[in-house]
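Examining the three-dimensional arrangement
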Amino acid sequence: MKKLWQKHPNLIYVLFFFVLVFMTCIIHTNMKDDLYFGNIPLHELFATLSIRYQEWSSRVIIETFLISLLHLPSFLWCILNSLIITSIAWSISYLFTKHTHYTRIISIMSVSLVPLSTMTEAGWYATTLNYLWPLAFLLISFIPIKHALKGIKNPFWTYPIYMISAIIAGNQEQSCALLLGFYSLFTIYFIVKKQKAFFINIQTLIAMASIIFILTCPGNAIRSTTEALNWYPAFSDFSLFQKGLLGINSTIAKLLIFKENVPFTTLAIMLIFMMANKEKWLKRISYLPLFFILYTSIFHTYLSNLFPKLNVFYDTILRFSQPMNEIHLFSLRNWLVCLLAISIILSISICFLKSFEENKEGKYFFPLLLIAGFLSAIIMGFSSTVYASGMRTFTFINYTFVILITVICCNLKNREDACLLLMLLSLLQVGSNFFI
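Reference entry: report on the structure contained in this document. Since this is a predicted model, take the numbers as computed values, not measurements. (Residues numbered from 1 in each chain as written. Predicted model: local features only at pLDDT ≥ 70, side-chain atom pairs only at ≥ 80, totals over all residues. Heavy atoms only, no water.)

This paragraph deals with the overall build of the chain. Within the chain one finds 21 helices and zero strands. Here the chain has a C-alpha radius of gyration of 22 Å; the compact-globule value for 436 residues is 22 Å, and the two agree. Per-residue burial over the chain gives 54% buried out of 436 residues. For the chain, the proportion of contacts with a sequence separation of at least 24, taken over those separated by at least 6, is 79%. Accessible area for the chain stands at about 21,000 Å²; split by element, carbon and sulfur atoms hold 68% of it. Once the 31 positive and 18 negative side-chain charges of the chain are each reduced to a mean point, those two points are 14 Å apart. (Helix = DSSP H or I, 4+ residues; strand = E, 2+ residues; numbered from the N terminus. Rg over C-alpha atoms; globule rule 2.2 N^0.38 Å. Buried < 20%, exposed > 50% of the residue type's maximum accessible area, 1.4 Å probe, protein only. Contact = heavy atoms within 4.5 Å. Areas by Shrake-Rupley, 256 points an atom, 1.4 Å probe, with all protein chains shown as cover. Lys, Arg positive; Asp, Glu negative; His and termini not counted. Charge placed at Lys NZ, Arg CZ, Asp CG, Glu CD.)

If you want it as structure tokens, here you go:
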């Protein structure tokens, strides 16, 4: 058996793929937005996409796949979607670890932490194609960056794959922002280092073209106005500062209060393992995220009875987990929640900075990745569907946590306890997916 794993290291992904196919095939998919897109005749596909571009959305590539798949046997979507999730696990191991047999297993367990319940919010097809699929192609499009950093030459046949991946990833707003952000950053990095990276420049141009396509789409502006009226009428009266505060506070409120915060909770626990052998002040910093998770989920009633003034703080967090008609910029409560969000981001960043002191690349990259993940959720504060979209817009931040969990577990010296806990949590989450 050991020789088999050594000879075929990716066999674990094949097994993971078949488990996903089984899980996906037993779910009910005919719901919500899937019903709407499924009723669009294939012969009207391009006419529909043209109308939607003018009146609703710039996601023409994603919706082409969506409408087409809904007219094909559902088993095809089961296979493709399982392949997408498997590719996410593979990409995480390849991009962020040494890509050994051990890291492959850790990446699979970490990916299994993400609740599939968020993929039902707009219908299985619609949600997975609008969030999971762009994420998968985004990660694939990042492979040339790693190759350029490591001096690995890309096989000629892979260039079209990376370019197509960037185009698909760039067709979704959050994914496009991450694509443009990271490729712009590394373009500047290679220029400063005076390193030739011609293909990186091409990918950056694709990202720039994608963001221009999104910003100039007439349908996006119309949709923004329509959705504000339908979902969040008060949103139109908010200033940019109020929307920014809404984005930060609603993000941390959802992470602390909603039950879909399994990846964030797991990351908070793994931070404690990572800093177990560090100085006392670093250990205390590593406890901060988990402390606030436990406070908002379990101990807030008990602590509020002991310290009644704490109840005001909890109520403010709770208020930002649901639509608010007013956001006061000069309210101390609101800024305390904002400060909480910043302190959690800083505590996680400091842990990675101190843990990867000898790794010049990881020392700054992982805190940067964390901030990018948070920004992908915070940016929703500038959308009137910040609450109507549910937790599916947290797909990118959840998988950011998954990446960081994978990195921690793969770099721990005494990792048995942490890995056993990760396995237990992932199995519990996989089990809960059967009750969606």
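Counted according to the given criterion, the structure contains zero disulfides. Of the cysteine sulfurs around Cys25, a residue in no disulfide, the closest is that of Cys78, at 3.5 Å. Judged by its relative accessible area of 36%, Cys25 falls in the partly exposed class. Cys351 takes part in no disulfide bond, and the closest cysteine sulfur to it belongs to Cys409, at a distance of 14 Å. (Disulfide = S-S within 2.5 Å.)

Once that is clear, we can look at the pattern of salt bridges. Two side chains with opposite charge may pair up if their charged atoms get near one another. Scanning all chains against the criterion turns up four salt bridges. Two residues, Glu63 and Arg52, come together in a salt bridge whose shortest N-O distance is 2.7 Å. Residue Glu63 is found in helix α5 (residues 60-69), and its partner Arg52 is found in helix α4 (residues 45-55); the two are separated by 11 residues along the sequence. Looking at Arg52, the relative accessible area reads 11%, which means it is buried. Measuring nitrogen to oxygen at the nearest pair gives 3.5 Å for the salt bridge that ties Arg392 to Glu121. Of the two residues, Arg392 sits in the loop between α19 (360-378) and α20 (395-411) while Glu121 sits in the loop between α7 (101-111) and α8 (124-141), which places them 271 residues apart along the sequence. For Arg392, a relative accessible area of 14% translates into the label buried. Looking at Glu121, the relative accessible area reads 23%, which means it is partly exposed. Look at the salt bridges and you will find they share partners, linking Arg59, Glu173 and Arg223 into a network. (Salt bridge = Lys/Arg side-chain N within 4 Å of Asp/Glu carboxyl O.)

So, on to the packing of aromatic side chains. What characterises a pair of aromatic rings is the spacing of the ring centres plus the angle enclosed by the ring planes. Under the defined criterion, the tally for this structure stands at 29 aromatic pairs. An angle of 45° between the planes, with centres 6.0 Å apart, marks the rings of Phe142 and Tyr183 as tilted. On the criterion of sequence distance, the pair formed by Phe142 in the loop between α8 and α9 (143-150) and Tyr183 in helix α11 (residues 173-192) is long-range, its members being 41 residues apart. Like Tyr183, Phe142 is buried. When the ring of Phe186 is compared with that of Phe365, the centres are 6.5 Å apart and the planes differ by 50°; the resulting orientation is tilted. Placement of the pair is Phe186 in helix α11 and Phe365 in helix α19, with a sequence separation of 179 residues. Using a relative accessible area of 11% as the deciding quantity, one classes Phe186 as buried. An aromatic cluster of at least three residues, connected via ring pairs, comprises Phe96, Phe142, Phe182, Tyr183, Phe186, Tyr189, Phe190, Phe352, Phe356, Phe365 and Phe366. For the cation-ring pair, Arg59 lies above Tyr131, with the distance from its terminal atom to the ring centre recorded as 5.9 Å. Note that Lys146 overlies the ring of Tyr94, its terminal NZ or CZ placed 4.8 Å from the centroid. (Phe/Tyr/Trp six-rings, centres within 6.5 Å; stacked < 30°, edge-to-face > 60°. Lys NZ or Arg CZ within 6 Å of the ring centre and 35° of its normal.)

Treat this as a map of the structure, not an account of what it does.
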